[in-house]
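Listed below, chain by chain, are the residues.
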Amino acid sequence: MTTTHAAKPLPPRKVPPLTVRDAGILEGVASGASSVQLAASLYLSRQGVEYHIGRLLRRFRVSNRTALVGRAYSLGIFESGSWPPKVRREFVAGG
C-alpha cells in the first residue's frame, strides 16, 4: 500500500526592513539604471551606489543585479503591476 505525502508549504521568509536608501537603490536597479544614473538621481557618488548595491547583494545572498531583482520579486518586495518597480511600504523601515 502506497501513501502519498503532500509537501508541506514552506513558511514565508522573513525579510528585514530595507532603509529608504536601500529601497531607492533596489528600485533603480530593478528599472535598469546604471550606477552613474542612480548616483545622479539619488545625490550619491558612483562608489556610494556600488557600496549599497554590494550590501544588497550580500544581504539577499545573490551574485549579481539580475539575481537581486529576481530575488526581490520572488519575495514580494515590489508592488505588483507597477512600472517603474516600487518597493512595497511594509518592507521599508519606518514606511
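Preceding this section is the structure that the text describes.
Residues numbered from 1 in each chain as written. Predicted model: local features only at pLDDT ≥ 70, side-chain atom pairs only at ≥ 80, totals over all residues. Heavy atoms only, no water.

A. Seen up close, the pattern of salt bridges. As enumerated under the stated definition, the model contains four salt bridges in all. In this structure, Glu90 engages Arg88 in a salt bridge whose closest nitrogen and oxygen atoms are separated by 2.3 Å. (Salt bridge = Lys/Arg side-chain N within 4 Å of Asp/Glu carboxyl O.)

B. Just unusual backbone geometry, in detail. The omega torsion across Trp83 and Pro84 is 0°, close enough to zero to call that bond cis. Note that Pro84 resides in the segment after helix 4 (65-74). The backbone phi angle of Tyr43 is positive, close to 60°, even though this residue is not glycine. Residue position: Tyr43 is located in the loop between helix 2 (35-42) and helix 3 (46-59). Even without being a glycine, Arg61 presents a positive backbone phi close to 55°. (Helix = DSSP H or I, 4+ residues; strand = E, 2+ residues; numbered from the N terminus.)

C. Structural detail: the environment of Leu75. Turning to its location among the elements, Leu75 is positioned in the segment after helix 4. Between the alpha carbons of Leu75 and Lys14 there is a distance of 9.0 Å; along the sequence they are 61 residues apart.

D. Representation of the side chain of Ser35. Note on placement: Ser35 falls in helix 2. Of note is the side chain of Ser35, whose polar atom sits 2.5 Å from the side chain of Arg65. Contact partners of Ser35, with chain neighbours within four places excluded, come to Arg46, Val49, Glu50, Ile53 and Arg65. (Polar contact = N/O pair within 3.5 Å; in protein donor to acceptor, adjacent residues only side chain to side chain. Contact = heavy atoms within 4.5 Å.)

E. Main features of the packing of aromatic side chains. Counted under the stated rule, the structure contains one aromatic pair. With a centroid separation of 4.6 Å and 45° between ring planes, the pair formed by Tyr73 and Phe78 is classed as tilted. (Phe/Tyr/Trp six-rings, centres within 6.5 Å; stacked < 30°, edge-to-face > 60°.)

F. Expanded view of helix 2. Buried within helix 2 are the following residues: Ser35, Leu38 and Ala39. Axial view of helix 2: buried residues confined to an arc of 100°, hence all on one face. Away from its buried face by more than 90 degrees, helix 2 exposes Val36 and Ala40. The elements touched by buried residues of helix 2 are helix 1 (20-30), helix 3 and helix 4. Just beyond helix 2, the residue with positive phi is Tyr43, at close to 60°. (Buried < 20%, exposed > 50% of the residue type's maximum accessible area, 1.4 Å probe, protein only. Arc of directions from axis to C-beta.)

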